[in-house]
Amino acid sequence: MNLKLKSLKKSLWVYHVSGGSCNNCDIEILDLLTPRFDVERFGIILAASPRHADVLLCTGIVNKKCVERIKEIYEQTPKPCVVVAVGACACSGGIFRDGYQMAGPFDKVIPVHIYIPGCPPKPEAIISGIVKFLKELK
Amino acid sequence: MSVLYSFSYFIFSFVVLSIIGLFVSWIDRKITARIQWRVGPPWYQNFVDIIKLSGKEILISENSNKFMFIFSPILAVTSSTICGSILFLVLRKNLGFGGDLILFVYLLTIPSLSIILGGSSSGNVLASVGISRELKLLLSYELPFICGIIIPAIKANSTTSLIEIVKFQEINGSNILSLSGVIGFIVILISSIGKLGVVPFDLAEAETEIAGGALIEYSGILLGFYKLARAILFFVIPSFIVILYLGGTPLNNFLGILIFIIKYFIILILITLIRNTNPRLRIDQALKFFWGWLTLIGIMGILFVLTGM
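From a predicted model like this one, the values you see are computed outputs, not experimental measurements.

(A) Representation of the overall build of chain A in the model. Assigned secondary structure in chain A consists of six helices and five strands. Listing the helices and strands of chain A from first to last along the sequence gives α-β-α-β-β-α-β-α-α-β-α. The globule rule puts the C-alpha radius of gyration for 138 residues at 14 Å, and the 14 Å found for chain A is close to it. Within the span of chain A, comprising 138 residues, buried residues form 41% of the whole. Counted over contacts in chain A with a minimum sequence separation of 6, partners at least 24 positions apart contribute 82%.

What follows is the structure in structure tokens.
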């Protein structure tokens, strides 16, 4: 294991992408930063711009207007980066999968590395999903 | 020989200052976390951040000025390292020209100027909002900062040499023990918070409003250079205040160094507490604050020191 990967795993800066979500997953993501869960102890902080980010935390279905923007954000993120789909809508479309505005879940638009299901997933579930992925990462 | 010597001294002080600065920024983050009842990051967090950033891809946007975009973060690191290396020489008291105060004021301006240069060359709209704020902030905090610097200079028999100020305090006691010293200390502490760009005055890179401001287009090690420059300034500016106002202990033995570190941490904790208990100011509020109350208090301090109080 090289130093670059090791340091990437210890310091993930997260950019929060919303592809048209109902705000439930977004609130659960904000819960991660509160004193109760405190992801800064793993070195995870919210970044302001996709240029600073290592992780794209995606919530919501991708509606048709969003497709171009989400591709743009993915290209703006410096590689190596990790894409995490949070919530049932981001993973599979959820209850909106037959909606007229649906342009596919996230993995139709950009490559997704981690799926965290739930409507919305608990903060514990999000932490455990990311930790499991980091253990697998080599 | 002298060129080679100064170059190797520069590299040496860069390494030492980076280690100290990153460690000190961790202390700032940890104290912030404990104030908010969180656990906070581990001690190696800031080192890991810089190593990670050096391994990332560097993206340069199409409509940017590429030379200035790459040059300005290097300028920021270089100028803050030169500040720190002069500070080391002042503390050891073997500097040919005595550590000129005016030079120091100029050098401390360059990191902010390089943020302005980098932001304006990146060709982003939000970055231009950020640099306009940074420019106004630079204009506003510089005046009280200079007021705070003039007070110890007048006290030490109107000299601009830092070493003379250190020697004066070793004979006559710390500058803060007088009325004008207290006033000057408060003025320079608050304006140095503006210089560091931490929370009450972090409007140049307000994450929630303008998404990183001047640094929005930076990625990879170029962003890391800015973070490094900020970390070095976190060491340089508080120790500059210690030299100007809380001096008085010679640094030639272990006890002196320990007392210097304790004084440094007092100022660091003060800055961190102010940062954690205040919301972000708007630019007009910051300008009014700096040019209004703080400059008035600073001029009052200068009048006091001229009358010998």
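(B) Region of the structure containing the overall build of chain B. Check the secondary structure of chain B and you find 11 helices and zero strands. The N-to-C order of helical and strand elements in chain B reads α-α-α-α-α-α-α-α-α-α-α. Computed over its C-alpha atoms, the radius of gyration of chain B comes to 19 Å, within 12% of the 19 Å expected for a compact globule of 309 residues. Each of the three principal axes of chain B carries a C-alpha extent, and together these read 60 × 50 × 40 Å.

(C) Spatial organisation of the pairing of strand β4 (residues 82–86) of chain A. Residue and element names in this part refer to chain A. Among the five residues in β4, five count as buried, and that is most of the element. Of the two faces of β4, the one holding Val82, Val84 and Val86 and the one holding Val83 and Ala85 are both buried throughout. Pairing geometry for strand β3 (residues 55–59) and β4, over five bridges, is parallel. Paired with Cys58 across the bridge in β4 is Ala85. Taking the sense of rotation as the criterion, the β-α-β connection linking β3, helix α3 (residues 66–76) and β4 turns out right-handed. Taken together, the three bridges between β4 and strand β5 (residues 114–116) define a ladder with parallel strand orientation.

(D) View of the pairing of strand β1 (residues 13–18) of chain A. Residue and element names in this part refer to chain A. The pairing of β1 with strand β2 (residues 45–46) spans two bridges and is parallel. Each residue of the ladder has a partner; that of Val14, found in β2, is Leu46. Where the polypeptide runs from β1 across helix α2 (residues 24–31) and back to β2, its parallel neighbour, the crossover connection is right-handed. Sheet analysis places β1 next to β3, joined by five bridges and oriented parallel. Opposite Val14, over in β3, you have Val55 as the bridge partner.

(E) Spotlight on the packing of helix α2 (residues 45–54) of chain B against helix α9 (residues 221–245) of chain B. Residues and elements named next belong to chain B. The geometry of α2 relative to α9 is characterised by a closest axis approach of 7 Å and an angle of 155 degrees between their N-to-C directions. Of the possible angle classes, the one that applies to α2 and α9 is roughly antiparallel. Crossing hand, α2 versus α9: left-handed. Mapping the contact onto sequence places Asn46, Asp49, Ile50, Leu53 and Ser54 in α2 and Ile221, Leu223, Gly224, Lys227, Leu228 and Ala231 in α9.

(F) Spotlight on the nonpolar core. If you look at the biggest cluster of nonpolar residues, it comprises 114 residues, and the most contacted ones within it are Val14, Val55, Leu56, Leu57, Cys58, Val84 and Val86 of chain A. Here the element with the most residues in this core is α9 of chain B; it accounts for 19 residues. Apart from residues lying up to four places away in sequence, Val84 of chain A is in contact with Val55, Leu56, Leu57, Cys58, His113, Ile114, Ile116 and Ile130 of chain A.

(G) Local environment of the confidence of the model for chain B. Residues and elements named next belong to chain B. For chain B, per-residue confidence averages 84 on the pLDDT scale, and 96% of positions sit at 70 or higher. Within chain B, the element-level pLDDT minimum falls on helix α8 (residues 207–210), averaging 70, and the maximum on α9, averaging 88. Here the predicted complex carries an ipTM of 0.82, next to a pTM of 0.86.

(H) Molecular detail of the sheet that holds β4 of chain A. Residues and elements named next belong to chain A. Taken together, the five strands give an open sheet; going across it, the order is β2-β1-β3-β4-β5, and neighbouring strands pair in parallel fashion. Looking at which strands have only one partner, the edges of the open sheet turn out to be β2 and β5. Sheet contacts for α2: β1, β3 and β4; angle to β3, the most-contacted strand, approximately 140 degrees. This element, helix α6 (residues 123–136), spans β4 and β5 of the sheet and lies at about 160 degrees to β5.

(I) Region of interest: the packing of helix α1 (residues 2–35) of chain B against helix α3 (residues 66–92) of chain B. Residues and elements named next belong to chain B. Look at α1 against α3: their axes get within 9 Å of each other, and the N-to-C directions meet at 95 degrees. Considering their axes alone, α1 and α3 lie roughly perpendicular with respect to each other. Contacts between α1 and α3 involve Tyr9, Phe10, Ser13, Phe14 and Leu17 from the first element and Thr81, Gly84, Ser85 and Phe88 from the second. Grouping the amino acids of the contact of α1 with α3 by side-chain chemistry returns five nonpolar, four polar and no charged.

Analysis parameters
Residues numbered from 1 in each chain as written. Chains lettered and ligands numbered in written order. Predicted model: local features only at pLDDT ≥ 70, side-chain atom pairs only at ≥ 80, totals over all residues. Helix = DSSP H or I, 4+ residues; strand = E, 2+ residues; numbered from the N terminus. Rg over C-alpha atoms; globule rule 2.2 N^0.38 Å. Buried ≥ 20, exposed ≤ 12 C-beta atoms within 10 Å, placed from the backbone. Contact = placed C-beta atoms within 7 Å. Pairing = 2+ DSSP bridges. Right-handed = clockwise from strand over helix to strand, strands pointing away. Axes fitted to C-alpha atoms, helices over the stretch in contact; angles between N-to-C directions. Parallel < 35°, antiparallel > 145°, perpendicular 65-115°, else oblique. Left-handed = near helix turned anticlockwise from the far one by under 90°. Core = buried A, V, L, I, M, F, W, Y, C linked by C-beta atoms within 7 Å. pLDDT = per-residue confidence, 0-100. Nonpolar A, V, L, I, M, F, W, Y, C, P; charged D, E, K, R; others polar.

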